[in-house]
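# Close look at the chain arrangement
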Amino acid sequence: MAADIQAMLDGKRALLLAISHELRSPLTRARLHAELVGEGASRDALLHELGQMRDLISALLESERLGDGHRALQREDCDLAALLREQALPGVMLDLESGLPPLPLDRLRMQLLLRNLLHNALRHNDAARGPVVLGVCRDGAGQRLWVRDHGPGVPAEALVSLGQPFFRPDAARSRNDGGV
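Residues numbered from 1 in each chain as written. Predicted model: local features only at pLDDT ≥ 70, side-chain atom pairs only at ≥ 80, totals over all residues. Heavy atoms only, no water.

## A word on the pattern of salt bridges
Stated precisely, the cut-off is as follows: A carboxyl oxygen of Asp or Glu within 4 Å of a side-chain nitrogen of Lys or Arg is what we treat as a salt bridge. Classification of residues uses two cut-offs on accessible area relative to the type maximum, computed with a 1.4 Å probe and protein chains only: under 20% is buried, over 50% is exposed, and between them is partly exposed.
A full pass over the atoms with the stated rule returns six salt bridges. Of the charged contacts in the structure, one is a salt bridge between R43 and E35, with a shortest N-O distance of 2.8 Å. The exposure class assigned to R43 is buried, which follows from its relative accessible area of 14%. The residue D139 makes a salt bridge to R144 at a minimum N-O spacing of 2.8 Å. Taking relative accessible area as the criterion, D139 reaches 36% and is therefore assigned partly exposed. Linked by salt bridges that have partners in common, R31, E35 and R43 make up one network.

## Structural notes on the nonpolar core
Just so we agree on the cut-off: Remark: nonpolar core denotes a set of buried residues (Ala, Val, Leu, Ile, Met, Phe, Trp, Tyr, Cys) joined through side-chain atoms within 4.5 Å. Only heavy atoms matter for contacts: two residues are in contact if any of them lie within 4.5 Å across the pair.
By size, the foremost hydrophobic cluster in this structure holds 15 residues, and its most contacted members are L80, L83, L84, L134 and V136. Discounting chain neighbours no more than four positions away, the residues touching L83 are C78, R107, M110, Q111 and L114. If you look at the next biggest cluster of nonpolar residues, it comprises six residues, including A34, L50, I57 and L61.

Here it is as structure tokens:
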């Protein structure tokens, strides 16, 4: 039974990877065709939608790669504070402790993590209450990365599920005001 379940999970993973990969080619062609459409609101909306589709496919591929756990990580010494400076967006204030040592990180995955955290924080932040703050500081022998926004927050009962793929604290929300 365990072997059957593992085979089913392996099959699901292979199917998701194949589908995601196969969707990239027509998506690229659609984007090229959209670039030929005359400038205007329709073209901008189409390019935006195609960009969202590209991001969804990339997220699917990345989530399946992460299913391999630590074997999939490409670690290198990385200055986390410098990485935060590179990823900061307009509307984000930085709070970076100086003199922190480099960490062995997968730079690309950290960029993805930061991008998701910052986009979600900016999307839900109440700017009238304060800016989104991105920071790093010493925490014992390690470092603590944190993002602070002034949004509505996540219900306590949903916190344990936040790391699950495609989980949304409020099932009624649409993709436009949700996140991954």
